[in-house]
Structure formats: structure tokens, C-alpha cells
Amino acid sequence: MNYIEVPINIISIEGDGFHIIAEGLINGKSARFVVDTGASRTVFDKERILAYIDNPEFNEKEGLSAGIGGTDISSFIFKLEELSFGELSVKDYQAVAMDLSNVNNSYAMLNIPPVDGVLGGDLLYKHKAVISYKLKKMRLTPKQ
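Quantities reported herein were computed from a predicted structural model and do not represent experimental measurements. (Residues numbered from 1 in each chain as written. Predicted model: local features only at pLDDT ≥ 70, side-chain atom pairs only at ≥ 80, totals over all residues. Heavy atoms only, no water.)

Structural notes on the pattern of salt bridges
Moving on, step 1. The final tally for this structure, using the stated rule, is six salt bridges.
Moving on, step 2. We note a salt bridge from Lys137 to Glu5, for which the minimum N-O separation is 3.2 Å. Linking Lys137 in strand β12 (residues 137–140) with Glu5 in strand β1 (residues 4–13), this pair joins segments that are 132 residues apart in sequence.
Moving on, step 3. The salt bridge involving Glu82 is made with Lys91; its shortest N-O contact spans 3.3 Å.
Moving on, step 4. Classification of Glu82 as partly exposed rests on a relative accessible area of 24%. (Salt bridge = Lys/Arg side-chain N within 4 Å of Asp/Glu carboxyl O. Helix = DSSP H or I, 4+ residues; strand = E, 2+ residues; numbered from the N terminus. Buried < 20%, exposed > 50% of the residue type's maximum accessible area, 1.4 Å probe, protein only.)

In C-alpha cells form, the structure reads like this:
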């Protein structure tokens, strides 16, 4: 079976916690993602995505989304032309944007560069993600 290996960075959060960071591309431009196996889907920061898309058409998503930290946050659906991790390319992705400033503000206090999004369960599941902390790699399988 063919798969793609994506390097990951494991960052220490206050000494006894860890986050996984993966580099990817949004419409061909370099982007940073926190990998969150507990997030139901992949989301993008509503403000930071503007650096990757000209005039995005945001449509408010019905209801509220449970955000990181347990607060309910408004979310917006938009079309993303291409999202890539290594050789894996997802085209015409129905994406969700929300305010991730709480994540990036926390990272700023720890001198960690901001992230553009959260790589969540929808894409991790679809592409059969396997994360190796030992090898510092994430394996993704292209859609069959």
C-alpha cells in the first residue's frame, strides 16, 4: 500500500504536555497546522486564511461549533482550492473557518509560532493517519 510520510514537530507545552505541528500548503503557500486527533474536522483560522485566499466567500455554518477550550464559536464554510501535506493533495475542499486566536494567543505566550489551522479527524480518518512520535512522522494514505 502506498502512503506518504509527513514530518511532524512535537512541541512541549509547559513541560508535561505536547502538541504535534505539521507543515502543509494552502493553495501552494506554506502553512502550519496543529494536528488534533480529538478535533472532529479540519478547521482554518478565519483571519489567517485571508493570506491564502483572495476574497473568500464565507457562509455562516448552521449552529455553533464546540471550539478548543470548550467554548461555542461561530464557524463559516468556504471552498478551498487545494490543501497539501507532502505529496497528498486535497482539491476543492469544503473547509470550515473559525476564530483560532485563543490557540495562537496561547502559543504566543509560550513563544511558539502561530498556526493557520487544525488538522482534524475528517482528513486524518479519511487518509488513515498513523502518527509516530518516535520517528516524528505522520503517515497518510492517499484516497483509494
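Brief notes about helix α1 (residues 101–109)
Moving on, step 1. Inspection of α1 places Val103, Asn104 and Tyr107 among the buried residues, and these make up the whole buried set. For α1, the angular spread of the buried residues around the axis is 90°, confining them to a single face.
Moving on, step 2. Looking at the residues trailing α1, positive phi occurs at Asn111, about 60°. (Arc of directions from axis to C-beta.)

Thoughts on the nonpolar core
Side chains of nonpolar character tend, in soluble globular proteins, to be buried together.
Moving on, step 1. Judged by nonpolar contacts, the single largest core of 27 residues is most densely connected at Ile26, Phe44, Leu80, Leu83 and Met138.
Moving on, step 2. Secondary structure elements with two or more residues in this core: β1, β2 (17–26), β3 (29–35), β8 (75–85), β9 (88–98), α2 (121–126) and β12.
Moving on, step 3. Here the element with the most residues in this core is β9; it accounts for five residues.
Moving on, step 4. Sequence-distant contacts of Leu83, that is, excluding residues within four places in its chain, are made with Leu25, Ile26, Phe33, Phe44, Leu88, Ser89, Val90 and Leu123. (Core = buried A, V, L, I, M, F, W, Y, C linked by side-chain atoms within 4.5 Å. Contact = heavy atoms within 4.5 Å.)

Description of the environment of Asn9
Moving on, step 1. Locating Asn9 in the fold gives a position in strand β1.
Moving on, step 2. C-alpha of Asn9 to C-alpha of Glu23: the two residues are 14 residues apart in sequence and 8.8 Å apart in space.
Moving on, step 3. Contacts of Asn9, omitting those with residues within four sequence positions, involve His19, Ile20, Ile21 and Glu23.

Some thoughts on the packing of aromatic side chains
Moving on, step 1. Tallying each qualifying case throughout the model produces five aromatic pairs.
Moving on, step 2. Where Phe33 meets Phe44, the ring centres are 5.9 Å apart and the plane angle is 85°; that geometry is what we call edge-to-face. With Phe33 in strand β3 and Phe44 in strand β4 (residues 43–45), the pair connects residues that are 11 residues apart, well separated along the chain. Take Phe33 and Phe44: they sit in the same class, and that class is buried. (Phe/Tyr/Trp six-rings, centres within 6.5 Å; stacked < 30°, edge-to-face > 60°.)

Details of the side chain of Arg32
Moving on, step 1. Note that Arg32 resides in strand β3.
Moving on, step 2. For Arg32, the side chain forms a polar contact with the main-chain oxygen of Pro113, separated by 3.3 Å.
Moving on, step 3. Arg32 has contacts with Ile21, Ala22, Glu23, Ile112, Pro113, Pro114, Val115, Asp116 and Gly117, leaving out every residue within four places of it along the chain. (Polar contact = N/O pair within 3.5 Å; in protein donor to acceptor, adjacent residues only side chain to side chain.)

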